[in-house]
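# Structural overview
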Amino acid sequence: MKKKTKNLIVGNWKMNPETVSEAKKTAGAIKRGLLNIKKTEVVICSPFVYLDALKSFSSKKTILGTQDIFQENSGSFTGQISPNQARQFNVSYSIIGHSEKRKLGDTDEIVNKKVINVLNSGLKVIICIGEEKRDHSGEYLSFIKKQIFLALKDVSKKDIENIVIAYEPIWAIGAKEPMGTSEIHEMSIFIRKILREIYGMLGDDIRILYGGSVFLENAKSIMVDGFVHGLLIGRESLNAKNFVEMIKDIDKI
Ligand code: PGA
């Protein structure tokens, strides 16, 4: 990992909040609260409908992202949004392959097409991977490996700096507790090895995040003891006060 690479904290707002005024209020409080951070990059992945209202959120320290994006850039695709459309609202990142989208039908093949479309459009991609459950024979490890290989199929080395991998064990999403930090550490080593298999030592430049029940109380220890370069945060990213405090804490690492 290049020394200068910043830690990355991503807030995934999912289908929240309910109104545009709440979205503006939360984003405003986050931006104001983080004016003095130095070593952390913060991305808020808002619902598409709020992007226009939030476009001034994007700055050197805080950045806008989307929670998904379609695999084509033009054509008759009812209900879909292309990377070029999203980019007009100062969006720089897109989450692809979140388990909640995979559950709604995004196969590994679709995830791969979306990853390629996002990268070709000049956006950065946060690729979510994660097993549904664990087993004693370690099947989940082959599952994770396959997910990474398929998501990155035909993605060339030149795109490496625009790729982030977010490991989210599905059973830890929306739960009470995150995965233990020693297991997070193990998974970050395992994922790093797979990235080296694909890209050689250049694979070390891809940031690996952890997601799943990250809160103010556990965020810093997940980063430090789990040896990850950032976090993907659902619920706690809608609580501006806690989110800001958590990031200020992480910024000191
Ligand atoms: P959570 O969600 O932090 O609320 O568990 C994480 C995610 O789904 O990305």
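Just above, that's the structure.
Here we summarise the structure given alongside this text.

Reading the values: rules and limits
Residues numbered from 1 in each chain as written. Predicted model: local features only at pLDDT ≥ 70, side-chain atom pairs only at ≥ 80, totals over all residues. Heavy atoms only, no water. Helix = DSSP H or I, 4+ residues; strand = E, 2+ residues; numbered from the N terminus. Rg over C-alpha atoms; globule rule 2.2 N^0.38 Å. Buried < 20%, exposed > 50% of the residue type's maximum accessible area, 1.4 Å probe, protein only. Contact = heavy atoms within 4.5 Å. Areas by Shrake-Rupley, 256 points an atom, 1.4 Å probe, with all protein chains shown as cover. Salt bridge = Lys/Arg side-chain N within 4 Å of Asp/Glu carboxyl O. Near = heavy atom within 4 Å. Polar contact = N/O pair within 3.5 Å; in protein donor to acceptor, adjacent residues only side chain to side chain. Nonpolar A, V, L, I, M, F, W, Y, C, P; charged D, E, K, R; others polar. Phe/Tyr/Trp six-rings, centres within 6.5 Å; stacked < 30°, edge-to-face > 60°.

Let us look at the overall build of the protein chain. Within the protein chain one finds 9 helices and 8 strands. For 253 residues, the compact-globule formula gives about 18 Å, and the C-alpha radius of gyration of the protein chain, at 17 Å, lands near that figure. C-alpha atoms of the protein chain, sized along the principal axes, occupy 50 × 45 × 35 Å. Counting all 253 residues of the protein chain, 51% fall into the buried class. The long-range fraction of contacts in the protein chain, counting pairs at least 24 apart against all pairs at least 6 apart in sequence, stands at 73%. Summed over its atoms, the accessible surface of the protein chain is roughly 12,300 Å², and 53% of this surface lies on carbon and sulfur atoms.

Attention shifts here to the pattern of salt bridges. According to the stated counting rule, one finds 15 salt bridges in the structure shown. With a closest N to O distance of 2.7 Å, Asp52 and Lys55 form a salt bridge. The class of Asp52 is partly exposed, set by a relative accessible area of 43%. Here Lys55 falls in the partly exposed class, since its relative accessible area comes to 34%. Across the pair Glu183 and Arg134 runs a salt bridge whose closest N-O atoms are separated by 3.9 Å.

What follows is about the site of the ligand. Around the ligand, the structure places Asn12, Lys14, His98, Glu168, Ile173, Gly174, Gly212, Ser213, Leu232, Ile233, Gly234 and Arg235. One of the backbone N or O atoms of Gly174 is found 2.8 Å from an oxygen atom in the ligand. Taking Gly234, its main chain carries an N or O atom lying 2.9 Å from an oxygen atom of the ligand. Its free accessible area being 280 Å², the ligand has 99% of it covered by the protein chains. Split by residue class, the shell around the ligand holds 3 nonpolar, 6 polar and 3 charged.

The geometry of an aromatic ring pair is captured by the separation of the ring centres together with the interplanar angle, meaning the angle of the planes. As enumerated under the stated definition, the model contains 1 aromatic pair in all. For the ring pair Phe70 and Phe77, a centre distance of 4.8 Å and an interplane angle of 50 degrees mean the geometry is tilted. A residue is classified by how much of its surface remains accessible, and Phe70, at 12% relative accessible area, is buried. For Phe77, a relative accessible area of 36% puts it in the partly exposed group.

Just geometry here; none of it tells us what the structure is for.
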